[in-house]
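Descriptive structure summary
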Amino acid sequence: MTQPNNSQRLWMYEQMLTSRYMEESIERIYMEGKTPVFNMAKGPIPGEMHLSNGQEPCAVGVCAHLDAGDIVTATHRPHHIAVAKGVDLNEMMAEIFGKATGLSGGRGGHMHLFDGRVNFSCSGIIAEGMGPAVGAALSRQMQGKPGVAVSFIGEGAANQGAFHETLNLAALWKLPVVFVIEDNAWGISVAKASATCIAQHHVRAAAYGMPGVFVENNDPDGVFRASGEAIERARAGGGPTLIEIETYRLAGHFMGDGETYRPEGEKDGLMKKDPIPGYRQRLIDEGVMTEAQAEDIAARARGRIDEAVQFARESPYPRPEEALEQVFV
Amino acid sequence: MTTAVKERKLTVARAMAEAVAQEMRLDPKVFVMGEDIGQLGGVFGNTRGLYDEFGKTRIRDTPISETAFIGAAVGAASDGMRPIVELMFVDFFGVCMDAIYNLMAKNTYFSGGKIPVPMVLMASTGAGYSDAAQHSQCLYGTFAHLPGMKVVVPSNAYDAKGLMTAAIRDDNPVVYLFHKSLQGMGWLGTEKGATVPVPEEPYIVEIGKAKTVREGRDVSLVSLGAGVHHALRAAAQLEKDGVSAEVIDLRSLVPLDREHVIASVRKTGRLIVIDEDYHSFGVSGEIIASVVEHDIGMLKARPQRVAFPDIPIPFTPVMEQWALPNADKIVAAYHAMHKE
Ligand SMILES: Cc1ncc(C[n+]2csc(CCOP(=O)(O)OP(=O)(O)O)c2C)c(N)n1
Ligand SMILES: [Mg+2]
């Protein structure tokens, strides 16, 4: 099993921190203009906002094995994955603000981030990224081009028809694709146990003749190992893998969610398992980084996010009539 | 001294929930399925309180498996139950449209009318708060176009309750489309005119009947759902210019109360249709065609439509708000209809 080396672990830590800083900035800015009365339409960042706090290990452990040419499709909760895949942070933030300089000039917003330069996209429809990931993998196979596709989904998506159809197709055609389930135990207010007849989704891989792997404890190194093996197999022509990662949703489903459905104490318990301080401590304890290095990394991550926020704030809005453009090429 | 009893106002969300609760008390065959409709009470509040009263066997949170639970509703309805299912956002019809239009809408006909499908499919519609192109559509025309399902669209809490009661009691499948901005959920910015007095007792608003919500002489503003409120604001503006506008709330798309619209246009001679759904191939075209087909001579000016342009709904508020119907656009349409 491939263990992450020191520089890979430092990279993962830095991406996790960058992503978290992004979410913390968005969380703060999102509330501007939304008090005292919370109205989703108001403020510099309107609309739904699904934060990825706590799920960073899933993104960095997988994306550590990918380069810009590999394909990733993500979900309605996409920021951590976009950061780890190398999506341009300034343009991403500007898109989330609805600015002209955004990835799509403000047409897509937070659930519809598209960056062709690094083959990243996402969608607000559950399990919708699975088909495109399979198709991109098919395209690479047919063209004889290198590259793998990774489709991220939440555990709730494993009960959607597309999940089963795409797994079968990918296995049937032995495509270079990896399916990654971020199991945060919740689909909005519905607990996994009330929505799924089995305890874990990775066992479903058996039904499609592909390996199924479970990564416990939201562990970045564990994700790195499991996805490293799967991605290597996919690149070598060995077909798809289903990976399920035990992760934590440290925020509400979306901003404004009162989370009244969570059992008493669950949130506090999860907060204690926040993967970022945990990983920081581990890297220090294992001599991978010093406190000083950790501070440098934090400063660099903070600097990138601050720059992105400033870029987004200072960017102009598009002209309204531009709404009519780019329906077709 | 007469103390006027303060009329009880409800939000659309609460009116919907009340209708469902009352029918569930009357008929043990009525039950609800959908995502987050249980303890959460629905993302848009329209099943709030039901879980506590009726429990988890009759108020069933589902997995994110729309094809499964909508298909299951058809089967349960054909077997004597009266399911109400929620598709959280109408935009999600993409993952389950087969269960809706090939199954729910066709089984009655396939069975020669012998096997009815008494179910309600409720779904939220509407834009205006930057939820982008997969969470903002209306798709009124899409559903109304496909035969075999009734389609209702309330604009206020009174109609919301009456149409829901009618939909549950109807022996046919009814698609119940509720606009998010009318729900009375503060976080969606609420249309005040939608929260109106609602009687406590059960009652029906007949499916297939439009309503004149404002009388006028010079122009008929025909709309549905949130558009009715834009039309009412436009009518108030037009009045200042000395123009008397009539406002018609369609309330149902299938069946469509063409006679009501025609009678109004016969009186006013002018027609503007306001529809938040896409401009082409939709409600606005259908209404205009119905009038023109009936008697083109009734029209004193070219009919107009104020609808959403034929583009996916953009995220950024500057584009989205620019594209959405509003009162100013309706007033402008009135003035445009007289230009050569
Ligand atoms: C087809 C479809 N059905 C329902 C929804 C509404 N919805 C948005 S997020 C969500 C829960 C998703 O849960 P999960 O897949 O576990 O992802 P998580 O939110 O936990 O990251 C639901 C039901 C949707 N976007 N698409
Ligand atoms: Mg989940």
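As named in an unreviewed UniProt entry, chain B is Alpha-ketoacid dehydrogenase subunit beta, taken from Pseudomonas songnenensis.

Identification of chain A as Thiamine pyrophosphate-dependent dehydrogenase E1 component subunit alpha from Pseudomonas songnenensis is taken from an unreviewed UniProt entry. A UniProt comment under Cofactor (unreviewed entry) is attached to chain A, and it reads "thiamine diphosphate".

So, the UniProt feature "domain: Dehydrogenase E1 component" (unreviewed entry) in chain A
Summarizing the sequence annotation, UniProt attributes the feature "domain: Dehydrogenase E1 component" (unreviewed entry) to residues 43–321 of chain A in the numbering used throughout. Overall, residues 43–321 of chain A shows 40% helix and 12% strand. The separation of its end C-alpha atoms is 21 Å.

A short note on helix H3 (residues 66–78) of chain B
Residues and elements named next belong to chain B. The terminal C-alpha atoms of H3, which comprises 13 residues, lie 18 Å apart, in line with the 18 Å expected from a rise of 1.5 Å per residue. The set of residues buried in H3 consists of Glu 66, Phe 69, Ile 70, Gly 71, Ala 73, Val 74, Ala 76 and Ala 77. Looking at the buried residues of H3, the elements they touch are strand E2 (30–34), strand E4 (82–89), helix H4 (97–104), helix H5 (107–110) and strand E5 (120–125). Residue Gly 80 follows H3 closely and has a positive phi angle near 105 degrees.

Overview of the pattern of salt bridges
All names here are of chain A. Evaluated as defined, the whole model comprises 35 salt bridges over all chains. Between Asp 257 and Arg 249 there is a salt bridge, with the nearest N and O atoms lying 3.8 Å from each other. Here Asp 257 falls in the buried class, since its relative accessible area comes to 16%. Overall, Arg 249 belongs to the buried group, its relative accessible area being 0%. Between Glu 259 and Lys 267 there is a salt bridge, with its nearest N and O atoms 2.7 Å apart. The exposure class of Glu 259 is buried, given its relative accessible area of 14%. The exposure class of Lys 267 is partly exposed, given its relative accessible area of 24%. Overlapping salt bridges, with partners in common, bring together Arg 9, Asp 219, Asp 221, Arg 225, Arg 282 and Glu 286 in one network.

Concerning the domain arrangement of chain B
All names here are of chain B. According to the domain assignment, chain B consists of domain 1 (9–197) and domain 2 (211–336). With 31 residues of domain 1 at the contact, the number on the domain 2 side is 27 residues. Roughly 2,100 Å² is buried in total at the junction of domain 1 and domain 2, and carbon and sulfur atoms are behind 56% of that figure. On inspection of domain 1 and its partner domain 2, the count reaches two salt bridges. Between Asp 159 and Arg 251 there is a salt bridge; the shortest N-O distance is 3.1 Å. Our count for the contact surface shared by domain 1 and domain 2 stands at 18 residue pairs in polar contact (both at pLDDT 80 or more). Secondary structure elements with two or more residues in the side of domain 1 that touches domain 2: helix H6 (140–145), strand E6 (150–152) and helix H7 (157–169). A per-element tally of the side of domain 1 that touches domain 2 places H6 first, with four residues.

Considerations on unusual backbone geometry
Residues A:Thr35 and A:Pro36 are joined by a peptide bond in cis, for which omega reads 0 degrees. Turning to its location among the elements, A:Pro36 is positioned in the loop between helix H1 (6–30) and helix H2 (56–63). Between B:Val254 and B:Pro255 the backbone carries a cis peptide bond, its omega angle lying at -5 degrees. The residue A:Ile188 is not glycine, and still its phi comes out positive at about 50 degrees. Accessibility expressed as a relative area gives 19% for A:Ile188, which makes it buried.

Some thoughts on empty space enclosed by the protein
The full count for this structure, using the stated rule, is two cavities of 30 Å³ or more. The volume enclosed by the largest cavity comes to roughly 590 Å³. What lines the largest cavity is a set of 48 residues, and nearest its centre among them are A:His76, A:Ile126, A:Ile188, A:His253 and B:Ile64. For the lining of the largest cavity, the leading source of residues is strand E3 (residues 149–154) of chain A, giving three residues. Within the lining of the largest cavity, the residues separate by chemical class into 21 nonpolar, 17 polar and ten charged. For the second largest cavity, the calculated volume is near 50 Å³.

Concerning the packing of aromatic side chains
Applying the stated criterion to the full structure yields ten aromatic pairs over all chains. Geometrically, the ring pair formed by A:Tyr30 and A:Phe38 is tilted, given 6.2 Å between the ring centres and 45 degrees between the ring planes. Each member of the pair, A:Tyr30 as well as A:Phe38, carries the same accessibility label: buried. When the ring of A:Trp186 is compared with that of A:Tyr261, the centres are 5.1 Å apart and the planes differ by 55 degrees; the resulting orientation is tilted. Of this pair, A:Trp186 sits in strand E5 (residues 186–187) while A:Tyr261 sits in the loop between strand E8 (241–246) and helix H9 (266–272), and the two are 75 residues apart along the sequence. A:Tyr261 shares its class with A:Trp186; the two are buried. An aromatic cluster is present here, built from A:Phe254, B:Phe44, B:Phe89, B:Phe92, B:Phe178 and B:Trp187 joined pairwise through their rings. The ring of A:Tyr317 is capped by A:Lys99, whose NZ or CZ atom sits 4.8 Å from the centre of that ring. Of note, A:Arg302 hangs over the ring of A:Tyr21, and the distance from its end group to the ring centre comes to 3.9 Å.

Definitions and cut-offs
Residues numbered from 1 in each chain as written. Chains lettered and ligands numbered in written order. Predicted model: local features only at pLDDT ≥ 70, side-chain atom pairs only at ≥ 80, totals over all residues. Heavy atoms only, no water. UniProt positions renumbered as here; feature names shortened; annotations may be inferred. Helix = DSSP H or I, 4+ residues; strand = E, 2+ residues; numbered from the N terminus. Expected span 1.5 Å × (residues − 1). Buried < 20%, exposed > 50% of the residue type's maximum accessible area, 1.4 Å probe, protein only. Contact = heavy atoms within 4.5 Å. Salt bridge = Lys/Arg side-chain N within 4 Å of Asp/Glu carboxyl O. Domains from an automatic or database assignment. Buried area = accessible area lost by both parts, 1.4 Å probe. Polar contact = N/O pair within 3.5 Å; in protein donor to acceptor, adjacent residues only side chain to side chain. 1 Å grid on protein atoms, 1.4 Å probe; cavity = no way out; pocket = protein on both sides within 12 Å on 5 of 7 lines; lining within 4 Å. Points joined across faces, edges and corners; volume = space filled by probe spheres on them. Nonpolar A, V, L, I, M, F, W, Y, C, P; charged D, E, K, R; others polar. Phe/Tyr/Trp six-rings, centres within 6.5 Å; stacked < 30°, edge-to-face > 60°. Lys NZ or Arg CZ within 6 Å of the ring centre and 35° of its normal.

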